[in-house]
Amino acid sequence: MNGGLVRLREILDDLTPSERKVAEYVISYPHSILDMSVAQLSAESGGSQAAIIRLCKSMGVKGYPELKLKVAGDLNQNEERYEYREIRPGDSMEQIIQTVSANNIQSIRDTVTILDPKTVDLAVEALSQASRIFFYGLGASHLIAQDAHHKFLRINKTSHSFTDPHLELTSAVMLNPGDVAVGISYSGETAHVIECLKEARACGAKTISITKYGNNAVSAQADYPLYTSSTENEIRSGAMSSRMTQLNVIDILYLGVASREYDQSVRYLKKSREIIKRLTGR
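Nothing here was measured: the structure is a model prediction, and the numbers come from that model. (Residues numbered from 1 in each chain as written. Predicted model: local features only at pLDDT ≥ 70, side-chain atom pairs only at ≥ 80, totals over all residues. Heavy atoms only, no water.)

Caption draft 1: Unusual backbone geometry, seen in detail. With a phi close to 65 degrees, asparagine 156 is a non-glycine residue in the positive phi region. Mapped onto the secondary structure, asparagine 156 falls in the loop between helix 9 (140–154) and strand 2 (159–161). (Helix = DSSP H or I, 4+ residues; strand = E, 2+ residues; numbered from the N terminus.)

Caption draft 2: The pattern of salt bridges, seen in detail. Tallied over the entire structure, the rule returns 10 salt bridges. For the salt bridge of arginine 20 with glutamate 24, the shortest nitrogen-to-oxygen distance reads 2.8 Å. Separated by four residues within a single helix, arginine 20 and glutamate 24 lie in helix 2 (residues 17–28), roughly one turn from each other. Given the relative accessible area of 29%, arginine 20 is considered partly exposed. For glutamate 24, a relative accessible area of 35% puts it in the partly exposed group. (Salt bridge = Lys/Arg side-chain N within 4 Å of Asp/Glu carboxyl O. Buried < 20%, exposed > 50% of the residue type's maximum accessible area, 1.4 Å probe, protein only.)

Caption draft 3: The nonpolar core, seen in detail. Grouped together as the largest cluster of nonpolar side chains are 28 residues, with contacts concentrated most on Leu127, Phe152, Val182, Ile208, Leu226 and Leu253. Among the elements of the structure, helix 8 (117–129), strand 1 (133–136), helix 9, strand 3 (180–184), strand 4 (206–212), strand 5 (224–228) and helix 12 (241–260) are those that each provide at least two residues to this core. Of all the elements, helix 12 adds the most residues to this core, at six residues. Not counting residues up to four positions away in its chain, the partners in contact with leucine 253 are Val120, Ala123, Val124, Leu127, Phe152, Ile210 and Leu226. Counting residues in each nonpolar core, the second largest holds 25 residues, with Leu5, Leu8, Met59 and Val71 among its members. (Core = buried A, V, L, I, M, F, W, Y, C linked by side-chain atoms within 4.5 Å. Contact = heavy atoms within 4.5 Å.)

Caption draft 4: Fine view of a nonpolar patch on the surface. The grouping of Ile275, Ile276 and Leu279 at the surface amounts to a nonpolar patch, some 310 Å² of accessible area in total. Its place among the elements puts leucine 279 in helix 13 (residues 262–280). (Patch = residues over 30% accessible without salt bridge, like charges linked within 9 Å, V, L, I, M, F, W, Y side chains within 5 Å. Areas by Shrake-Rupley, 256 points an atom, 1.4 Å probe, with all protein chains shown as cover.)

Rendered as structure tokens:
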């Protein structure tokens, strides 16, 4: 059980001042809190005991003991956590290669710690049973939706993604109870994606979200909310590390479905590969 420190970093900007005091103390002195009571942590951090309880709720843990367990799990991991680095003027190509790669690797590692296997399993089951799958996303998240559409189509799962936001909304109001809608938005606040999932739920379709960790409007519309982590700071507009974590989650869902229907999936993959090879010679 781990992911406590990752969760705290992800929700830091959304906390109340009192909760933030506690969170920053835990992030700065994780070893110290393992033997602390709620009252002791309150005294040391300057946050109230009520703020500690609220912080646990914001993190999605059942209480202070679980918070400590998750932090302890982080501390027991062998690898040292890499801290995100911005690209700076004058960086050598070797530095850029190392920085970008390390940022992406750490984001995926952090995402693994906050993905709930039970929720992923339920999402995979819904996708496996779906009559149709609709992937919704704008901007960089639309590229993830296209990638998901491509992957699921190759194992003969009827799927759709749209470049036009109006077509996304139009399709969302046409869904049926046997369909699944997947909303992709790193911020979790993309208006079109929120509306698509809201309409999909109203039609009786099951909904899955892929967003950053924490409370947000997109995940609030999801039956199965899945969360990613990203080390991005100032280069948020580049959607670099967040894109990699979203792709990683899509790959997990895709292979989860393919694994459940292994023989059938292999057969479909072989057919698609053969037709492409026949036309391209590769």
